[in-house]
Amino acid sequence: MAKKPVKKKKKSPNKIGVFLQNRQFQFVLSIFMMLFALLLITAFISFFKTWKADQSILTELSDKTVIAKNWIGKLGAQISHFFLYKGFGIGSFVLPILLFFSGLYLLLKIRLQKMRKPWFFGVLGMVWMSLLFGFIQLKNPLFSGTVGFELHKFLEIYIGKFGVVALLFLSLLIYIVIRFKLTPENLLSLFPKKKTVNTSEISDKSFDKINNDTVAEVPLDVFTPKEAIMAEEPLLVADDKKEPEAEDVAIDIEKVQDETQVNENLSDRLLEDFGEFDPTLELSNFKFPSLEKLKDYQESISVNPEELQQNKDRIVETLRNYKIGISHIKATVGPTVTLYEIIPQAGVRISKIKNLEDDIALSLAALGIRIIAPIPGKGTIGIEVPNKKPSLVSMRSVISSAKFQNSEMELPIAFGKTISNETFVVDLAKMPHLLMAGATGQGKSVGLNAVLTSLLYKKHPAEVKFVLVDPKKVELTLYNKIERHYLAKLPDSEEAIITDTTKVVNTLNSLCIEMDDRYELLKNAFVRNIKEYNIKFKSRQLNPENGHRFLPYIVLVIDEFADLIMTAGKEIETPIARLAQLARAIGIHLIVATQRPSVNVITGIIKANFPSRIAFRVTSKIDSRTILDGAGADQLIGKGDMLYSGRSELIRLQCAFVDTPEIERITDFIGSQRAYPEAYILPEYSGEEGNSSLDIDIDDRDKLFYDAALVIVRAQQGSASLLQRKLKLGYNRAGRLIDQLEAAGIVGPFEGSKARQVLVPDELSLRQLIDNEKNNI
């Protein structure tokens, strides 16, 4: 049987394809593409003027009260930030241009396949421009964008500056060759061939025009005999009948480089010629102290099985007496304390075990019992029991540990060891400030020495400076030997370690000035923190002639904060609070220690700005709550036993012990080496002391001088803090007003912690005094 022919089914037309071919859809799409491209260009141009103002609202798009400065509003600011700042910088302008012409092609029914090459080369050109501006490294980050900056840094690491230049040049050359279809023959054809002049072809009529008595010069644009000779130089013809000779004259063309390009590439040439700036170069031969300067105590944790078994049995028995069953118990032996982790049976309330703290301490006949219910991150309850024979943790053991030696932290501090016998290292730069408290003789001063020793073993003198405040005058005196290496002080100050209360006030305000100066440098360098700034400075992107300089970290250490609060009060607390609030980003970090953690000393302002705290043993639960916001410090056993609170975690540590002879050996070794000409000089600050004979011009007085005088006379109390509260002023302006009031004879001279004496009894006398001053002018 013959097979019937199979009818082929007609393919149904693609609905999507038909829709895309619809002219109405193409018309709408083309108009949308062109309008969107114009909006993008407008937003991009606006972003160059408004990006700083709109930087802070990028995360607040849903907030209707926040208004963007960008001409296209919040959406324009967000898109521009994505393409220009986070993307390809100025090269991103290629995108709206390509989008506009794509829409135009679609509108004019030109095949979009013709836009493939422009899109391909446009995207490559966008990356190329981003890398180029990243290489040039202009001050404005919008030129290169994040892509160009990071791509340049990545390539520079692997192929160097010259490699980046070669890559840019090669990629540009490849584009030109492909785009214009260049070949060696095409290039050679661009240069005209040189021809020698054949005098036999010159007609006699040409010579008839030349005077036989002189040598004539025939210009190129006139002398073209028979239109067959293209002469490049003037032709000299003599009066005799010899054939004239044509000479080739070589022309040297000097290419003059654009001056703006020279300035832009100056930092790159400096980096190529001199390399990265090394802040340690002045003390390049500086040697860090060796581990031999620290005493080796040969400490070891001895585990006594009998002691562990006895403690375990007593804990289980005590809990059983209160009908609390335990399904599992585990012991972790530390240098000073052993942690017993217990898992109670189902149905046991945690608070019931917590309330048995004193009963467990009684059964174990031990001090310092501390119950952690529950242990964070674990499903267990911890009972910390002091060892009968605690082990000493030496500074040498923590400094020599791999965790400290291999640390890449900015300011690493090795405090000691945890219960699990692990070295505890934290970064002061991330704390960013530290509050220490503990009763007398519990290890507070040793803790400060551990902090300073850690930094001396890790940081070069060019990288960190210390401002040491020692009201007791005996704790930090050994560090005087490293004054010209590591210490910072006020101008014209004899001693770098500050012991006088008045000088403490001036130093704190000087640090506030230093903080403001550093923030100004960061703003001009378009960076957010000291780490980014120093990276830019070391790569020679910041010009020292514009005030830029390498910024070392500054660590302020106050040994006895309570004494300063008693003598100076608000004059100390205000700059401390300001530094704690603002100084983190510019590398100024505070370490404040006190032996009286009462609410009068550690106020709410201080606590709010010191998230990291260390508590040694204190005498009461109230003091423990003041420093740690909870109990626990009153249950420590002393001698370096401490609790570290940071980032919502509480860790029990045994502080590393460093003795006075060890500190002396370290400072002697550092002090014997070549040092800077002087200590690091802080900005000058004019304090209130010694201003009994002030001479201030009346025209230079503050606008609030009379208001301040009224406040002082009415209150009969002359202090800067009073003016701060009443007139809502900053400390510096209030201090200047006090100086002006003293010069006018309204208040008396500076008297330490006491308020100044008010010399004017009432408002009537004040008006008479001011009127007499005006009449005498």
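Reading guide: rules and limits
Residues numbered from 1 in each chain as written. Predicted model: local features only at pLDDT ≥ 70, side-chain atom pairs only at ≥ 80, totals over all residues. Heavy atoms only, no water. pLDDT = per-residue confidence, 0-100. Contact = heavy atoms within 4.5 Å. 1 Å grid on protein atoms, 1.4 Å probe; cavity = no way out; pocket = protein on both sides within 12 Å on 5 of 7 lines; lining within 4 Å. Points joined across faces, edges and corners; volume = space filled by probe spheres on them. Helix = DSSP H or I, 4+ residues; strand = E, 2+ residues; numbered from the N terminus. Nonpolar A, V, L, I, M, F, W, Y, C, P; charged D, E, K, R; others polar. Salt bridge = Lys/Arg side-chain N within 4 Å of Asp/Glu carboxyl O. Buried < 20%, exposed > 50% of the residue type's maximum accessible area, 1.4 Å probe, protein only. Patch = residues over 30% accessible without salt bridge, like charges linked within 9 Å, V, L, I, M, F, W, Y side chains within 5 Å. Areas by Shrake-Rupley, 256 points an atom, 1.4 Å probe, with all protein chains shown as cover. Pairing = 2+ DSSP bridges. Axes fitted to C-alpha atoms, helices over the stretch in contact; angles between N-to-C directions. Phe/Tyr/Trp six-rings, centres within 6.5 Å; stacked < 30°, edge-to-face > 60°. Lys NZ or Arg CZ within 6 Å of the ring centre and 35° of its normal. Parallel < 35°, antiparallel > 145°, perpendicular 65-115°, else oblique. Left-handed = near helix turned anticlockwise from the far one by under 90°. Core = buried A, V, L, I, M, F, W, Y, C linked by side-chain atoms within 4.5 Å.

*Asks:* Would you mind showing me how to read the confidence of the model for the chain here?
*Replies:* Of all residues in the chain, 83% have pLDDT values of 70 or greater, and the mean over the chain is 80. Low pLDDT (under 50) marks residues 688–693, which in the prediction has 14 contacts with non-local residues, meaning those over four places away or in another chain.

*Asks:* In this structure, what is going on with the layout of surface pockets? I would like to understand it.
*Replies:* Remark: the empty space left among the atoms is shown by a probe the size of a water molecule rolled over them. There is about 630 Å³ of room inside the second largest pocket. Along its surface, the second largest pocket is lined by 23 residues, and Leu339, Ile375, Leu650, Ile651 and Arg652 are the ones closest to its centre. Broken down by secondary-structure element, the contributors of at least two residues to the lining of the second largest pocket are β3 (326–333), β4 (337–344), β5 (370–372), β8 (423–427) and β16 (649–655). When residues in the lining of the second largest pocket are grouped by element, the largest group, four residues, is from β16. Tallied by class, residues from the lining of the second largest pocket come to eight nonpolar, six polar and nine charged.

*Asks:* I would appreciate a short explanation of the pattern of salt bridges in the present structure.
*Replies:* Counted by the stated rule, this structure contains 23 salt bridges. With a shortest N-O distance of 2.6 Å, Glu384 and Arg652 are connected by a salt bridge. Here Arg652 lies in strand β16 and Glu384 lies in strand β6 (residues 381–386), a separation of 268 residues in the sequence. By relative accessible area, which is 2% here, Glu384 ends up buried. Close ionic contact of Lys523 with Glu520 constitutes a salt bridge, the shortest N to O distance being 3.2 Å.

*Asks:* How should I be thinking about a nonpolar patch on the surface in this particular structure?
*Replies:* A contiguous nonpolar surface patch, about 1000 Å² in accessible area, is contributed by Phe169, Leu170, Leu172, Leu173, Ile174, Tyr175, Ile176, Val177, Ile178, Phe180, Leu182 and Leu187. With 10 residues, the single largest contributor to the nonpolar patch is helix α6 (residues 145–180). The residue Leu170 is located in helix α6 in this model. With a relative accessible area of 46%, Leu170 lands in the partly exposed category.

*Asks:* It is not clear to me how the sheet that holds β4 should be interpreted in this structure. Could you clarify?
*Replies:* Sheet strands pair via backbone hydrogen bonds, and the direction of the pair is either parallel or antiparallel. Read across the open sheet, the four strands follow the order β3-β4-β6-β5; overall the sheet is antiparallel. Because the sheet does not close on itself, it has two edges, and the strands there are β3 and β5. Sheet twist, expressed as the mean angle between neighbouring strand axes with direction ignored, is 20°. Relative to β6, β5 is paired through three bridges, and the arrangement is antiparallel.

*Asks:* Would you mind going over empty space enclosed by the protein with me for this structure?
*Replies:* Scanning the entire structure with this criterion turns up two cavities of 30 Å³ or more. Roughly 60 Å³ of internal volume is contained in the largest cavity. What lines the largest cavity is simply Pro335, Thr336, Val337, Lys417, Thr418, Ile419, Asp641, Arg652, Leu653 and Gln654. Mapped by element, the contributors of at least two residues to the lining of the largest cavity are β7 (412–418) and β16. For the lining of the largest cavity, the leading source of residues is β16, giving three residues. Residues that form the lining of the largest cavity fall into these classes: four nonpolar, three polar and three charged.

*Asks:* I keep staring at the packing of aromatic side chains and nothing clicks. Help me out?
*Replies:* Each aromatic ring pair is characterised by the separation of its centres together with the angle its planes make. All chains considered together, the criterion is met by 16 aromatic pairs. Aromatic ring contacts, followed pair by pair, group Phe44, Phe48, Phe82, Phe83 and Phe93 into a single cluster. For the cation-ring pair, Arg701 lies above Phe705, with the distance from its terminal atom to the ring centre recorded as 4.2 Å.

*Asks:* Could you clarify how one ought to interpret the packing of helix α26 (residues 720–727) against helix α27 (residues 731–743) in this entry?
*Replies:* Taken N-terminus to C-terminus, the directions of α26 and α27 make an angle of 120°; their axes are 8 Å apart at the nearest point. By the criterion of interaxial angle, the relationship of α26 to α27 is oblique. The interaxial crossing formed by α26 with α27 has right-handed handedness. Contacts between α26 and α27 involve Ala720, Leu723 and Gln724 on the former and, on the latter, Tyr731, Ala734, Gly735, Leu737, Ile738 and Leu741.

*Asks:* Looking at this structure, I do not really get unusual backbone geometry. What am I missing?
*Replies:* Glycine aside, residues mostly have negative phi angles, and peptide bonds mostly take the trans form. The omega torsion of the bond from Met431 to Pro432 falls at 0°, within 30 degrees of zero and hence cis. With respect to the helices and strands, the residue Pro432 is situated in the loop between β8 and β9 (434–437). Of note, the phi angle at Lys473 is positive, near 70°, even though the residue is not glycine. Structurally, Lys473 can be placed in the loop between β10 (464–469) and α17 (483–486). In this model, Asp629 sits at a positive phi of 60°, which is unusual for a non-glycine residue. With respect to the helices and strands, Asp629 occurs in the loop between α23 (621–628) and β15 (641–646).

*Asks:* Would you take a moment to explain the environment of Ile586 for this structure?
*Replies:* Considering the arrangement of structural elements, one finds Ile586 in the loop between α21 (570–582) and β13 (588–594). Each C-alpha atom of the pair Ile586 and Asp517 lies 9.6 Å from the other, and the pair is 69 residues apart in sequence. Sequence-distant contacts of Ile586, defined by excluding residues within four places in its chain, comprise Met515, Arg518, Tyr519, Leu522 and Ile530.

*Asks:* What's the story with the nonpolar core in this structure? I'm lost.
*Replies:* Nonpolar side chains in soluble globular proteins tend to end up buried together. The biggest cluster of nonpolar side chains holds 111 residues, and the ones touching the most others in it are Phe415, Phe466, Ile572 and Ile576. Looking at this core element by element, the count peaks at eight residues for helix α18 (residues 501–524). The contact partners of Phe466, leaving out residues within four places of it in the chain, are Leu452, Leu455, Leu456, Tyr486, Leu487, Ala488 and Val555. Judged by nonpolar contacts, the second largest core, of 22 residues, contains Leu710, Val713, Val747 and Val758.

*Asks:* Before we go on, may I ask you to explain the pairing of β6 in this structure?
*Replies:* For β6, the tally of buried residues reaches six of six residues, placing the bulk of the element in the interior. Here six bridges tie β4 to β6, and the two strands are oriented antiparallel to one another. Paired with Ile342 across the strands is Ile381, a residue of β6.

*Asks:* I'm lost on the sheet that holds β7 in this one. Help?
*Replies:* One open sheet holds the nine strands; their spatial order is β8-β7-β16-β15-β14-β9-β13-β12-β10, and the pairing between them is mixed. Edge positions in the open sheet fall to β8 and β10, since each of these has one partner strand only. Looking at each pair of strands side by side, their axes are set apart by 25° on average, direction ignored. Strand direction decides the pairing type here: β9 and strand β14 (residues 612–615), joined by four bridges, are parallel. Residue pairing in the sheet places Ala437 in a bridge with Ala615 of β14. Against the sheet, helix α20 (residues 561–568) engages β10, β12 (553–558) and β13, with an angle of about 90° to β13.

*Asks:* Please explain the side chain of Asn609 as it appears in this structure.
*Replies:* Take Asn609: it is sitting in the loop between α22 (604–608) and β14. If we skip the residues at most four places from it in the chain, Asn609 touches His433, Ala577, Ala580 and Gln581.

*Asks:* Can you help me understand the environment of Pro761 in this one?
*Replies:* By the secondary structure assignment, Pro761 is in the loop between α27 and α28 (763–776). On a C-alpha basis, the gap between Pro761 and Arg714 in space is 8.6 Å, while along the polypeptide they are 47 residues apart. Sequence-distant contacts of Pro761, that is, excluding residues within four places in its chain, are made with Val713 and Gln716.

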